[in-house]
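Below are the chains, spelled out letter by letter.
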Amino acid sequence: NAGVTQTPKFQVLKTGQSMTLQCAQDMNHEYMSWYRQDPGMGLRLIHYSVGAGITDQGEVPNGYNVSRSTTEDFPLRLLSAAPSQTSVYFCASSPQGYGSTDTQYFGPGTRLTVL
Amino acid sequence: GQQLNQSPQSMFIQEGEDVSMNCTSSSIFNTWLWYKQDPGEGPVLLIALYKAGELTSNGRLTAQFGITRKDSFLNISAYIPSDVGIYFCAWQLGTNSGKSTFGYGTTLTVKP
């Protein structure tokens, strides 16, 4: 299994550009999440999904959209990039079921810079 | 929202020393999680705690779920250079939610 994969690994955008961060997992996990990590701020939840076709907002959803058309993929879209969105983005997945959802598997991250 | 306070923010450790860090919250939690993040990587789960008072070990790591269910600590014994990284506490937002809230992290660095 490849686990959780994220592309691209690095990205530089200009203010106002849009782009999609890709996330895929091959573990047949129901739950997937997007976090952003900023220095000294820990990881903050952007959006999450408990299954195909179901998404919900996390702590910091503004400026981001998600969709979950398949179990495997959970892309994160930046609608109009802003410098405040410069961050490291992590995708995570976890299996369904009490106790098992505690183990979130994280991807390697996408390092995004918005100029 | 719930506050999750993690301390210390950073530590400089000599090889062989023991390390201790903790998390406190303003709310009662059902699950405490401890993650480690190596430089340039995503976090990896170290220990999960499910019951108040529970003490769990994973090699040189030991974590405890506080009796009040509002705190947890993580101890690392006999620090080695590969322990460098950021350690996060986290709590599960309800059962079967698939999402967590993370502390700000404790960064461990080898003392020069």
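See the structure printed just above.
Residues numbered from 1 in each chain as written. Chains lettered and ligands numbered in written order. Predicted model: local features only at pLDDT ≥ 70, side-chain atom pairs only at ≥ 80, totals over all residues. Heavy atoms only, no water.

Focus on the state of the cysteines
Residue and element names in this part refer to chain B.
- Tallied over the entire structure, the rule returns two disulfides over all chains.
- The residue that forms a disulfide with Cys23 is Cys89, at a sulfur-sulfur distance of 1.7 Å. Measuring handedness by torsion sign, the sulfur bridge of Cys23 and Cys89 sits at about -80° and is left-handed. A residue pair is termed long-range when its members are at least 10 positions apart, and Cys23 in strand 3 (residues 19-25) and Cys89 in strand 9 (residues 85-92) qualify at 66 residues. We note that Cys23, like Cys89, is buried. (Disulfide = S-S within 2.5 Å. Helix = DSSP H or I, 4+ residues; strand = E, 2+ residues; numbered from the N terminus. Buried < 20%, exposed > 50% of the residue type's maximum accessible area, 1.4 Å probe, protein only.)

Some remarks on unusual backbone geometry
- In this structure, Pro8 of chain A follows Thr7 of chain A across a cis peptide bond, with omega equal to -5°.
- The omega torsion of the bond from Ser7 of chain B to Pro8 of chain B falls at -5°, within 30 degrees of zero and hence cis.
- A positive phi angle, close to 60°, is found at Asn28 of chain A, a residue other than glycine.
- With respect to the helices and strands, the residue Asn28 of chain A is situated in the loop between strand 3 (19-25) and strand 4 (31-37).
- For Asn28 of chain A, a relative accessible area of 58% puts it in the exposed group.
- A positive phi angle, near 65°, is found at Arg69 of chain B, a position not held by glycine.
- Inspection of the secondary structure assignment puts Arg69 of chain B in the loop between strand 7 (61-65) and strand 8 (71-76).

Side note on the sheet that holds strand 1 (residues 4-7) of chain A
Residue and element names in this part refer to chain A.
- Read from one edge to the other, the open sheet built from four strands follows the order 1-3-8-7, with strand pairing classed as antiparallel. Looking at the sheet topology across the chains shown, the edges are occupied by strand 1 and strand 7 (64-66). Neighbour-to-neighbour, the strand axes of the sheet open up by a mean angle of 20°, direction not taken into account. (Pairing = 2+ DSSP bridges. Axes fitted to C-alpha atoms, helices over the stretch in contact; angles between N-to-C directions.)

Some points on the packing of aromatic side chains
- Enumeration according to the criterion identifies eight aromatic pairs over all chains in this entry.
- Between Tyr35 of chain A and Phe106 of chain A, the aromatic rings sit 5.7 Å apart at their centres with planes inclined by 45°, giving tilted as the arrangement. Within this pair, whereas Tyr35 of chain A is found in strand 4, its partner Phe106 of chain A is found in strand 10 (residues 105-106), the two being separated by 71 residues in sequence. The burial state of Tyr35 of chain A is the same as that of Phe106 of chain A; both residues are buried.
- Aromatic pair Tyr35 of chain A and Phe102 of chain B: ring centres 5.4 Å apart, planes at 85°, arrangement edge-to-face. Of this pair, Tyr35 of chain A sits in strand 4 while Phe102 of chain B sits in strand 10 (residues 100-102), placing the two residues on different chains.
- Under the relative-accessibility criterion, Tyr35 of chain A is labelled buried at 0%.
- When its relative accessible area of 5% is taken as the criterion, Phe102 of chain B is described as buried.
- In this structure, Arg68 of chain A packs its charged tip against the face of Phe74 of chain A, placed 5.9 Å from the ring centre. (Phe/Tyr/Trp six-rings, centres within 6.5 Å; stacked < 30°, edge-to-face > 60°. Lys NZ or Arg CZ within 6 Å of the ring centre and 35° of its normal.)

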